[in-house]
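# Working through the structure, step by step
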Amino acid sequence: IRVNPMNGEQKIDPLPVKNSGVHILQFDRQGKLWMTFQLADMVASLDTRTGQFRVYKGFRKGSLMHSFAYDPFGYIQYDAHGRIWMSEFGGNAVASLEPKRGAVKEYNTAHPGHLYGIALDQQGRVWYTDYSGNRLGMIDPETGLATDQQMPHKNSGPHRMTIDAHNRLWIPESGYGRLAMYNIANQTFTEYDLPDPDTFPYSLRVDGVTGAVWICGNGADSLYRFDPTTRTFTTFRLPAQGSYTRMISLDYASGDVWTSISNFPNSQTSHPNHGELVRLHMPAY
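Residues numbered from 1 in each chain as written. Predicted model: local features only at pLDDT ≥ 70, side-chain atom pairs only at ≥ 80, totals over all residues. Heavy atoms only, no water.

### Quick word on a nonpolar patch on the surface
On the surface, Ile 1, Val 3, Ile 12 and Leu 277 cluster together into a nonpolar patch covering about 420 Å² of accessible area. Locating Ile 1 in the fold gives a position in the segment before strand E1 (2-3). (Patch = residues over 30% accessible without salt bridge, like charges linked within 9 Å, V, L, I, M, F, W, Y side chains within 5 Å. Areas by Shrake-Rupley, 256 points an atom, 1.4 Å probe, with all protein chains shown as cover. Salt bridge = Lys/Arg side-chain N within 4 Å of Asp/Glu carboxyl O. Helix = DSSP H or I, 4+ residues; strand = E, 2+ residues; numbered from the N terminus.)

### Thoughts on the packing of aromatic side chains
Evaluated as defined, the whole model comprises 18 aromatic pairs. Ring centres of Trp 34 and Phe 68 lie 6.5 Å apart, and the angle between their planes is 65°; this geometry places the pair in the edge-to-face category. Highlighted residues: Trp 34 in strand E4 (residues 32-37) and Phe 68 in strand E7 (residues 65-68), separated in sequence by 34 residues. Assigned by exposure class, Trp 34 and Phe 68 land together as buried. On the numbers, 6.5 Å between centres and 80° between planes, the contact of Tyr 224 with Phe 233 is edge-to-face. By relative accessible area, Tyr 224 is classed as buried at 0%. On the accessibility criterion, Phe 233 (22% relative accessible area) is partly exposed. Put simply, the rings of Phe 89, Tyr 116, Tyr 131, Phe 200, Tyr 202 and Tyr 244 pair up and form one aromatic cluster. A cation over an aromatic ring shows up here: Arg 205 above the ring of Tyr 70, its NZ or CZ 4.6 Å from the ring centre. Taking the ring centre of Tyr 202 as reference, the NZ or CZ of Arg 246 above it sits at 5.0 Å. (Phe/Tyr/Trp six-rings, centres within 6.5 Å; stacked < 30°, edge-to-face > 60°. Buried < 20%, exposed > 50% of the residue type's maximum accessible area, 1.4 Å probe, protein only. Lys NZ or Arg CZ within 6 Å of the ring centre and 35° of its normal.)

### Some thoughts on the layout of surface pockets
Considering only enclosed or pocket space, the largest pocket measures out at about 2,100 Å³ in volume. Lining of the largest pocket is provided by 46 residues; of these, Ile 1, Leu 25, Phe 27, Ser 249 and Leu 277 occupy positions nearest its centre. Sorting the residues of the lining of the largest pocket by element identifies E1, strand E3 (22-27), E4, strand E23 (245-250) and strand E24 (257-261) as the ones contributing at least two each. A per-element tally of the lining of the largest pocket places E3 first, with 6 residues. A class-by-class count of the residues in the lining of the largest pocket yields 24 nonpolar, 15 polar and 7 charged. (1 Å grid on protein atoms, 1.4 Å probe; cavity = no way out; pocket = protein on both sides within 12 Å on 5 of 7 lines; lining within 4 Å. Points joined across faces, edges and corners; volume = space filled by probe spheres on them. Nonpolar A, V, L, I, M, F, W, Y, C, P; charged D, E, K, R; others polar.)

### Focus: the sheet that holds strand E17 (residues 178-183)
Here 4 strands make up an open sheet; going across it, the order is E15-E16-E17-E18 and the pairing antiparallel. Strands at the two margins of the open sheet, each flanked by one partner only, are strand E15 (162-163) and strand E18 (188-193). Bridge count for E15 against strand E16 (residues 168-173) is 2 bridges, and the pairing is antiparallel. Residue Ile 163 lies in a different strand from E16, and its bridge partner there is Leu 169. (Pairing = 2+ DSSP bridges.)

### Thoughts on the sheet that holds E7
For sheets, the rule is that strands pair by backbone hydrogen bonds, running either parallel or antiparallel. The strand order E7-E8-E9-E10 describes an open sheet built from 4 strands, whose pairing is antiparallel. Each edge of the open sheet carries a strand with a single partner, namely E7 and strand E10 (103-108). Each neighbouring strand pair of the sheet contributes to a mean axis angle of 30°, computed without reference to strand direction. Of the pairings in the sheet, the one linking E7 to strand E8 (residues 84-88) comprises 2 bridges and is antiparallel in character. Bridge assignment links Met 65 to a residue of E8, and that residue is Glu 88. (Axes fitted to C-alpha atoms, helices over the stretch in contact; angles between N-to-C directions.)

### A few points about the pattern of salt bridges
Within this structure, the stated rule accounts for 13 salt bridges. Where Arg 29 meets Asp 71, a salt bridge forms, and the shortest distance between an N and an O atom there is 3.1 Å. Linking Arg 29 in the loop between E3 and E4 with Asp 71 in the loop between E7 and E8, this pair joins segments that are 42 residues apart in sequence. Residue classification places Asp 71 among the buried positions, given a relative accessible area of 10%. Across the salt bridge formed by Arg 168 and Asp 164, the nearest N and O atoms sit 2.8 Å from each other. A single burial state applies to Arg 168 and to Asp 164, both of which are buried.

Structure, rendered in structure tokens:
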């Protein structure tokens, strides 16, 4: 569904695969919209100018294609070989895709688990979070070698991470309501308690202009903005109770922040119109 933020007009683009289980939507810098078809073990791109889809197959059965690696501005990231990277929630692997040829390659992780977040560092290595295994892992595509390490605390529930311009990984710890930062250069973790206790930070997004980190605060109907320089949080309360938010997007033209109120898990939302978009008006850059 396309939504015009000026007038609320909506347009539906029918998907090319039935029962695809579309999971994540992400733009690249060329304006193509990429999506994972989780129930079909596929990914697809949409040329928003022509309305044409291209579907990519070749992923292992039961892969449950999950997330894309994106750059510090939130765009799909291409590596030095023109590949994009995805995590597989059901396949114990990360996968690369070369869009021009449609070539797919999968890389097994060090231990079985359920992969969530994925990111590329400045050396071209692939990082991932293992939600069920409580691990942060890394794969070197040149050698195929996978290594991982435990998060600082048990059951921290590492979710959708991202990377910033300083080669630091930002990881929401959903199990403890903390924000974790992993410095790749010196291989150290730093954790920050979120302003509200017992909240569930599902995902986050780095602001590519300011370097600030935006985090979902699902247990407190909030969004948080963290300033890495001052190490301080700013809290923004959402307009309804039970606002279970999942993804965050930034509008670099206006400075506004977007999120959505999910209709799942139902037991945690009392919002009368779950499924709504929420726009947080912020000062322009």
